[in-house]
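Listed here are the chains, written in short residue letters.
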Amino acid sequence: MGVKISTLIKPALTEITLPNLLGKKIAIDAFNSIYQFLATIRQPDGTPLRDHQGNVTSHLSGLLFRTLRLIENDIKPLYVFDGPPHELKSQIVQERREKREEEKHKMLQAQDEGDFEEAMKHAQASSKLTSEMIEESKQMLNYMGVPYIEAPHDGEAEAARLTNEGLVWACSSQDYDSLLFGSSRLVRNLTMSRTRRVKGTTIEVQIEYYFLEKVLNELKITREQLIDIGILVGVDFFPGFKGLGEKTAYKLIKENGSIETIINKGIEVRNTPIEIDLELLNTLRKIFLNVKKPDKIPNFVWKKPDEEKLRELLIEQKNFSEERVSSAIKRLVQKKSQKSQVNLDRFF
DNA sequence: GGGCAGTT
DNA sequence: AACTGCCCC
């Protein structure tokens, strides 16, 4: 659950395709990506893919084939995992845990009643990434020869830092938080652009590219003000204010400049004055503005896959079909076809 | 989400 | 070649 500013920053959106990212290193928010696979790769009644022992394997299937797709398009993925969370995040995490429990009940109920569509909805909302899933994802990436790092704290913060240090070209996540962390470039929907079926209707899914400078120029605000907007609507470290969405938050910041002014003027939203402890406000801003550097500079390389280990993990342990794994490995090892460079100078 | 085969 | 539907584990 990232910061809800999608409508606000839409005017700064640039649509791109995979060939536009040819040769680029991309820091992928691992947690966000793996969670997405776990939530979406399911049978029509909401049941995820499982191995013979009943362990969920949806995340591995998604991660394997997505990563493969990127490599085939000459994109260099680097997965960034979350490190220990900030103490302010724990509270929000607890709330999400409770919400998941509720959703699980609703899913089981819907399955009993035979309402598969309803079951699917709640199955997705009750998805939980376990530490085992994280560990085996790392292991598989290792065998694939794809690098990953663990962030000092927030994965998106580290991905933003890597982008701004020039160690990768952009970061990729479905959430917009990396922009608050100052990332100059954010890529969303990092997948083959194609039509997808959502609730009976087909929609075109395009890769989205956001350039922070363009976002700030369009909105005519500073990054500090973008962070204030985030705090008002809610971020991973603070729930925001009830009834205060992105439109109102933008209007308030545009008119008043900062949260302090809003507080001082005693501005009310839905008959409730906006109040936040100034020390907390300062702490929240610092989380986004002073991203901690890791103790040692991350060193990442893309290697040849370990075919034997990959086969052992996926075929023997996770019961993937031999044919699928063999073809995946073949694609992984094969010298990538030379793709024509698509000039994007006018955007970048 | 992505592979793949069957269809137009 | 584009599109649809089913399956993957």
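Residues numbered from 1 in each chain as written. Chains lettered and ligands numbered in written order. Predicted model: local features only at pLDDT ≥ 70, side-chain atom pairs only at ≥ 80, totals over all residues. Heavy atoms only, no water.

### Some thoughts on the overall build of chain A
On a plain count of helices and strands, chain A comes out with 15 helices and 11 strands. In terms of overall dimensions, chain A has a C-alpha envelope of 65 × 55 × 45 Å along the principal axes. For chain A, restricting intrachain contacts to residue pairs at least 6 apart in sequence, the fraction spanning at least 24 positions comes to 71%. Approximately 18,300 Å² of chain A is accessible, and the part contributed by carbon and sulfur atoms is 48%. Of the side-chain charges in chain A, 52 are positive and 51 negative, and the distance between the mean point of each set is 5 Å. (Helix = DSSP H or I, 4+ residues; strand = E, 2+ residues; numbered from the N terminus. Contact = heavy atoms within 4.5 Å. Areas by Shrake-Rupley, 256 points an atom, 1.4 Å probe, with all protein chains shown as cover. Lys, Arg positive; Asp, Glu negative; His and termini not counted. Charge placed at Lys NZ, Arg CZ, Asp CG, Glu CD.)

### Some remarks on the protein's contact with DNA strand C
The environment of DNA strand C is formed by 12 residues, the closest being L49, R50, T57, K318 and S321. Taking the atoms of DNA strand C that fall within 4 Å of the protein, sugar and phosphate contribute 61% of them. Taking R50, its main chain carries an N or O atom lying 2.6 Å from a base oxygen of DNA strand C. Between DNA strand C and S321, the relevant distance is 2.8 Å, taken from a phosphate oxygen to a main-chain nitrogen or oxygen of the residue. (Near = heavy atom within 4 Å. Polar contact = N/O pair within 3.5 Å; in protein donor to acceptor, adjacent residues only side chain to side chain.)

### A word on the pairing of strand β2 (residues 25-29)
Counting buried positions over the 5 residues of β2 gives 4, a clear majority of the element. As paired strands, β2 and strand β3 (residues 76-81) are joined by 5 bridges and run parallel to one another. From the neighbouring strand, I28 faces β3, where its bridge partner is Y79. Summarising the sheet, β2 and strand β5 (residues 170-172) pair through 3 bridges and their orientation is parallel. From the neighbouring strand, I26 faces β5, where its bridge partner is A170. (Buried < 20%, exposed > 50% of the residue type's maximum accessible area, 1.4 Å probe, protein only. Pairing = 2+ DSSP bridges.)

### With respect to the side chain of S183
Mapped onto the secondary structure, S183 falls in the loop between α8 (177-180) and β6 (185-188). Overall, S183 belongs to the buried group, its relative accessible area being 0%. Polar contacts involving the side chain of S183 include one to the main-chain carbonyl oxygen of R185, which spans 2.8 Å.

By themselves, these are just geometric observations and shouldn't be taken as functional.
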